[in-house]
2 protein chains.
Amino acid sequence: MPTFTAPTRDTLFVIREVIGLSDYEELPGFEAASPDIVAAVINEAGKFASEVLGPLNAPGDREGCTRADDGSVTTPAGFRQAHDQYRAAGWGTISAPERFGGQGMPDVLGFAVAEFMTGANMAFAMYPGLTDGAVSALLAKGSPEQQAMYVPKMVAGEWLGTMNLTEPQCGTDLGLITTTADPSPDGSHAITGTKIFISAGEHDLSENIIHLVLARIPGAPEGTKGISLFVVPKFIVNDDGSVGERNAVSCGAIEHKMGIHANATCVMNYDGAKGWLVGEENKGLSAMFIMMNAARLGVGIQGLSQAEVAYQNGVSYALERRQGRALTGPAEPDAKADPLIVHPDVRRMLMDARAFTEGMRALCLWCGLLVELAEKANTEDERQQADDLVGLLTPVIKGYGTDKGYDVATSMQQIWGGHGYIVENGVEQFVRDARIAMIYEGANGVQAMDLVGRKLARNGGRAIQAFFAMVDQECESAKEIEQLADIAARIAKTNGELKAATMWFMQNAMANPDNAGAGAHHYMHITGIVALGLMWLRMARVAVRALDEGTGDAAFYQAKLVTARHFAERYTPDAGALRRKIDSGAAAMMELPADAFARG
Amino acid sequence: MPTFTAPTRDTLFVIREVIGLSDYEELPGFEAASPDIVAAVINEAGKFASEVLGPLNAPGDREGCTRADDGSVTTPAGFRQAHDQYRAAGWGTISAPERFGGQGMPDVLGFAVAEFMTGANMAFAMYPGLTDGAVSALLAKGSPEQQAMYVPKMVAGEWLGTMNLTEPQCGTDLGLITTTADPSPDGSHAITGTKIFISAGEHDLSENIIHLVLARIPGAPEGTKGISLFVVPKFIVNDDGSVGERNAVSCGAIEHKMGIHANATCVMNYDGAKGWLVGEENKGLSAMFIMMNAARLGVGIQGLSQAEVAYQNGVSYALERRQGRALTGPAEPDAKADPLIVHPDVRRMLMDARAFTEGMRALCLWCGLLVELAEKANTEDERQQADDLVGLLTPVIKGYGTDKGYDVATSMQQIWGGHGYIVENGVEQFVRDARIAMIYEGANGVQAMDLVGRKLARNGGRAIQAFFAMVDQECESAKEIEQLADIAARIAKTNGELKAATMWFMQNAMANPDNAGAGAHHYMHITGIVALGLMWLRMARVAVRALDEGTGDAAFYQAKLVTARHFAERYTPDAGALRRKIDSGAAAMMELPADAFARG
């Protein structure tokens, strides 16, 4: 049976020492997050994740969700009780606003808790995770009445939420949506159509389910400019806030999937269901993007968390399983064989996993801080820079983070050899679960185009220029520290590759936009390497100082420095290769006629 | 439902025009492979694979194998009938020796047929595939009586074979085997022990199953020097060749796996089963390596074949599914959206898949020729060079080929978006099936160490030096051809990286063998890139000539040239990055104490 231990030590290191949460205590909401409270939240959340959710992960995968003929959906054994406990403990309320019953704590904590819950049980964590996205959209675009009606119950976890975008004929291309919303005399709309791939669309965890649905009002403009957002509750809410009559929305089927079996992925049928417009008519897409951006960061955290749990199980097997001898001579001559961890190729995979998970954790938590600084920082400059960085990093965290999360899960499974392929050992589940994160909330190719086609150019490249400068500055100051000079030089080189790639796009994408498209995936990966490099420099700088000052826990800080070196040695070389791929442009890639692709 | 079309056109191109099979018609066995016969075999095998085996692939995955309480195992519906047809058509006999009822045709054809069968249905193709490995071992090490007793029935497919190496406590490290073989007065041995992960260990496809089993004779030296090979039939064979009494070997359980559900992976219990020594006492490992080397090439072909079938289904979806618009403006303005194939990132994945599958196919088929030239070529020099190359390329075909096969299967699934995650669409199966190929027959880390630790150094580096020279020569002659000059220069550069990496190992692995281990995986991947590069140069040279000479089918040859350019642009840059990773050595990778890896 696989196990999960929440990486609380590393999380507290990032929150306290790397992003320095206490530096922001004068900002609204941050004062609640005293060091003691932070430690208590992290440790308790870790305990809950490891003890309550973790043990349900493998059985949940095995059992899956079941749909009855009446359209009701049952989650795996134990999920409902675990959700009751989750709700009772208030895990969904941490960074929700106080006026709606939340604890109003910094998003950083919400991100950290999300990582733990997702690492323990990704399919479970999606139920509250999607609710958070729906709450964001209601907070941003809903009327005060809508907010009052839905948000407190959703924050409390009494009602859960969903996002309804995809239809059979449209996923990425939301302009193709055909679900209709006919105005009714009472001010509501009658929603009719079929939505597919609706995560948590139907289940038995909450008394109501609040669907946010994209649909088209008759006469609306074609394409994405004619899409509106509606709130469609499973049970219509009475004026007194109680749950009323059943709405005409139902689960027509649940999908059989490669992974996340314990999360119900539903076909949702809307048969004239009552819905209420959220925000302005035909402005649904911008409202949806608020949910989507939050959700994309959440999906990036899924990549991190599946890599983390896979890493932990890779480590335990590498320490326990004995095969062969160290190349340098028997490490444990009295045993019949040495543990796997003596083998360099096993180490390579484990160190790659450390370098990714720890760097990615820092990046996600930093982004969690930036999300809030974008609203709350003291100066307009700081707010703008934070907002720019969130915009730039979101597709990277989602796209690079989930590509790598899957890679790491796969290589951790590799350590298990044949035993990793056996269902009962539970590590192949991490690969299957991690796989979806590369696909949903905008497939990673869409993330790459978001980065290259939208985020780079916005405001004359302001965000990427600020990012370049930030990395350069970090490299410059790290070069002054003896133990970090080589690491800094290597990371500075990746920043140089990123600048060169950016310049190449500026010079070549105007003439042919396919030149940008052809390199977008590679560019996203270079940016991911540079962003992790920035995190590694920051972490390594803290580690050097802690070791110099002898603050204790030397082994932890030593391990940070070694892992930083590993990152510099094994991750940075790819940046150059990726940049050279970009330089090739679109010509050969786009040359073949479509009919040349079939085999015969 | 996914589909599979055997890539007969491309296969015939490689056999006829790239490796030039007819150049060898004076060698024994090759005279039987006239161009007409080759075309007939390839086309008929393709038809059989696509029409008979392909349709059983997805249902076989869904149904899996079942074990009854009596230990018997039932394969999925249709498998038995398909195997009867396979046997009746003689597909297992193609390259088997004529004196045992085979058709005695070149191995190249056997490899091509194996690719088709495996592409159509990997789990099915493993049943005859493992039999081929067992036959190789019997032909190499069995007594004339053993050969006469088992081989004809196995070649005919009436009896199938297995390889029994792994035990619960040992996979890679066969020195840990504890299964015993006690000598009996009648000259047989009583085999006792448990073997796990035995593919095709029990099933209902054949009247007998011939197990080749590694075990230890009492008093044998410890470790790998005390292991012997035994043939242990499920039913003991009577003197007249008929099937006699049931032997004391049985299937104790079948595994639940991530993929290849339709192949029964068995726990095999040997309870004093009658076995007969194959070859010399305590020399079992060398006999097993004969099977294993053949099997490793077969597993490399699994990587190729799963990439190929995934590619085909990626193409069909990219041509059919419409989302969004081309970056250069609507490609089909009258439709609501353009097909996916207009998007550069989709093209990137498809072209990467073409570059891999076509290059890998050429490499596998060339290796199929070399396997035979190593025995049959006219001069000792030619035989030696062929044998050297087979030794060098086997771990590359297995390790690089299956790593890339999985990557390609994953990216083809990505093209399908959310639909690729749904079981019924069948493309996620290719990923799950491809995954095992990186693990079994020596995990890819073991392949990398075989390459770096054994194959490089053997005979003073003779094999790799010959390979360097062969690539250099190919690059030199390609540089003279205008359309190929740039491609050749890029591939020559990868050969330079490989030389530099080889030199680095020579200089640094003696002082610390971990320096070799730390770079072995990267080295295997550089070698894979160079080997595919060599194939692409050869294919491109043929294409240029065919286009110059106007031999017809210009679209096919044009596509070869474009794909060669894509390979040069998008695969070769990685060689430099990989070489730089090797240069970092083992220091940081091996520095952390084992107890630093756990989280808390």
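In this text, all values refer to a predicted model and were calculated from it rather than measured experimentally.

Draft legend 1. Representation of the overall build of chain A in the model. Regarding its fold elements, chain A presents 18 helices and 11 strands. Here the C-alpha atoms of chain A give a radius of gyration of 24 Å, agreeing with the 25 Å that 2.2 N^0.38 yields for 600 residues. Dimensions along the principal axes, computed over C-alpha positions, put chain A at roughly 80 × 65 × 60 Å. Counting the 600 residues in chain A, one finds 65% classified as buried. Partitioning the intrachain contacts of chain A with sequence separation of at least 6 by distance along the chain shows that 73% fall at a separation of at least 24. If you sum the accessible surface of chain A, you get close to 19900 Å²; carbon and sulfur atoms cover 51% of it. Chain A carries 51 positive and 73 negative side-chain charges, and their two centres are separated by 5 Å.

Draft legend 2. View of the relation of the copies chain A and chain B. The two copies are related by a screw motion: chain A maps onto chain B through a turn of 180 degrees and a shift of 0.0 Å along the axis, at an RMSD of 0.0 Å. The two molecules are tied by a two-fold rotation axis, judged by turn and shift. The C-alpha atom lying nearest the rotation axis in chain A is that of A:Ala577; the distance is 3.0 Å. Taken as a fraction of all interface residues of chain A, those also at the interface in chain B reach 99%, which identifies the copy contact as same-surface.

Draft legend 3. Molecular detail of the environment of A:Glu63. Residues and elements named next belong to chain A. Of note, Glu63 is situated in helix H3 (residues 57-63). Glu63 sits in the partly exposed class, given a relative accessible area of 45%. Sequence spacing of Glu63 and Ala262 is 199 residues, and the spatial spacing of their C-alpha atoms is 7.4 Å. Contacts of Glu63, omitting those with residues within four sequence positions, involve Thr75, Pro76 and Ala77.

Draft legend 4. Highlighting the packing of helix H10 (residues 380-415) of chain A against helix H11 (residues 427-437) of chain A. Residue and element names in this part refer to chain A. Across the interface, H10 lies against H11 with an axial gap of 9 Å and an inter-helix angle of 165 degrees. Comparing their axes, H11 and H10 come out roughly antiparallel. For the pair H10 and H11, the crossing hand works out as left-handed. Taking contact as the criterion, the partners of Lys398, Thr402, Gly405, Tyr406, Ala409, Thr410 and Gln413 in H10 are, on H11, Val427, Glu428, Phe430, Val431, Ala434, Arg435 and Ala437.

Draft legend 5. Looking closely at the packing of aromatic side chains. Residue and element names in this part refer to chain B. According to the stated counting rule, one finds 27 aromatic pairs over all chains in the structure shown. Centre to centre, the rings of Phe13 and Phe556 are 5.2 Å apart; their planes meet at 70 degrees, and the pair counts as edge-to-face. Here Phe13 is found in helix H1 (residues 8-18), whereas its partner Phe556 is found in helix H16 (residues 554-570), with 543 residues between them in sequence. Each member of the pair, Phe13 as well as Phe556, carries the same accessibility label: buried.

Draft legend 6. Focus on the packing of helix H1 (residues 8-18) of chain A against helix H16 (residues 554-570) of chain A. Residue and element names in this part refer to chain A. The geometry of H1 relative to H16 is characterised by a closest axis approach of 12 Å and an angle of 80 degrees between their N-to-C directions. Relative to H16, H1 is oriented roughly perpendicular. The residues of H16 that touch H1, namely those facing Arg9, Asp10, Phe13 and Glu17, are Phe556, Tyr557 and Lys560. Taken together, the residues of the contact of H1 with H16 break down into three nonpolar, no polar and four charged.

Draft legend 7. Up close: the state of the cysteines. Residues and elements named next belong to chain B. For the structure shown, the criterion picks out zero disulfides over all chains. Just so you know, Cys266 is unpaired, no disulfide at all, and the nearest cysteine sulfur is the one on Cys251, 3.8 Å from it. A disulfide-free cysteine, Cys364 has its sulfur positioned 7.4 Å from the sulfur of Cys367, the nearest such atom. Overall, Cys364 belongs to the buried group, its relative accessible area being 3%.

Draft legend 8. Empty space enclosed by the protein, seen in detail. All names here are of chain A. Inspection of every chain in the model, using the stated rule, returns four cavities of 30 Å³ or more. Lining the second largest cavity are 15 residues, and of these Gly92, Pro128, Met154, Val155 and Gly157 sit closest to its centre. Along the lines of polarity and charge, the residues of the lining of the second largest cavity split into seven nonpolar, six polar and two charged.

Draft legend 9. Spotlight on the environment of A:Lys336. Secondary-structure assignment places A:Lys336 in the loop between helix H8 (284-320) and helix H9 (344-376). C-alpha separation for the pair A:Lys336 and A:Gly324, spaced 12 residues apart in sequence, amounts to 8.5 Å. Apart from residues no more than four positions distant in its own chain, A:Lys336 is found in contact with A:Arg325 and B:Leu176.

Draft legend 10. Inspection of unusual backbone geometry at higher detail. Despite not being glycine, A:Asn282 shows a phi value in the positive range, around 65 degrees. With respect to the helices, strands and loops of the structure, A:Asn282 is situated in the loop between strand E11 (265-278) and H8. Given the relative accessible area of 21%, A:Asn282 is considered partly exposed. Not every positive phi belongs to a glycine, and B:Ala200 is a case in point at roughly 60 degrees.

Draft legend 11. Just the interface of chain A and chain B, in detail. Facing 104 residues of chain A, the contacting portion of chain B comprises 103 residues. Buried area between chain A and chain B, summed over both chains or domains, comes out near 8900 Å², and the portion from carbon and sulfur atoms is 57%. On the surface where chain A and chain B come into contact, there are eight salt bridges. Ionic pairing is found between B:Glu358 and A:Arg599, a salt bridge with its closest N-O pair at 2.7 Å. If you look at where chain A meets chain B, you find 59 residue pairs in polar contact (both at pLDDT 80 or more).

Draft legend 12. Focus on the pairing of strand E9 (residues 243-246) of chain A. Residues and elements named next belong to chain A. Alignment of strand E8 (residues 235-237) against E9, held across two bridges, turns out to be antiparallel. Counterpart to Val237 in the pairing with E9 is Val243. A loop of five residues connects E8 with E9, the two strands running antiparallel in sequence, and Gly241 in this loop sits at a positive phi of about 90 degrees.

Cut-offs and rules
Residues numbered from 1 in each chain as written. Chains lettered and ligands numbered in written order. Predicted model: local features only at pLDDT ≥ 70, side-chain atom pairs only at ≥ 80, totals over all residues. Heavy atoms only, no water. Helix = DSSP H or I, 4+ residues; strand = E, 2+ residues; numbered from the N terminus. Rg over C-alpha atoms; globule rule 2.2 N^0.38 Å. Buried < 20%, exposed > 50% of the residue type's maximum accessible area, 1.4 Å probe, protein only. Contact = heavy atoms within 4.5 Å. Areas by Shrake-Rupley, 256 points an atom, 1.4 Å probe, with all protein chains shown as cover. Lys, Arg positive; Asp, Glu negative; His and termini not counted. Charge placed at Lys NZ, Arg CZ, Asp CG, Glu CD. Least-squares fit on C-alpha atoms with pLDDT ≥ 70 in both. Axes fitted to C-alpha atoms, helices over the stretch in contact; angles between N-to-C directions. Parallel < 35°, antiparallel > 145°, perpendicular 65-115°, else oblique. Left-handed = near helix turned anticlockwise from the far one by under 90°. Phe/Tyr/Trp six-rings, centres within 6.5 Å; stacked < 30°, edge-to-face > 60°. Nonpolar A, V, L, I, M, F, W, Y, C, P; charged D, E, K, R; others polar. Disulfide = S-S within 2.5 Å. 1 Å grid on protein atoms, 1.4 Å probe; cavity = no way out; pocket = protein on both sides within 12 Å on 5 of 7 lines; lining within 4 Å. Points joined across faces, edges and corners; volume = space filled by probe spheres on them. Buried area = accessible area lost by both parts, 1.4 Å probe. Salt bridge = Lys/Arg side-chain N within 4 Å of Asp/Glu carboxyl O. Polar contact = N/O pair within 3.5 Å; in protein donor to acceptor, adjacent residues only side chain to side chain. Pairing = 2+ DSSP bridges.

The values reported here are purely geometric and, on their own, carry no functional implication.
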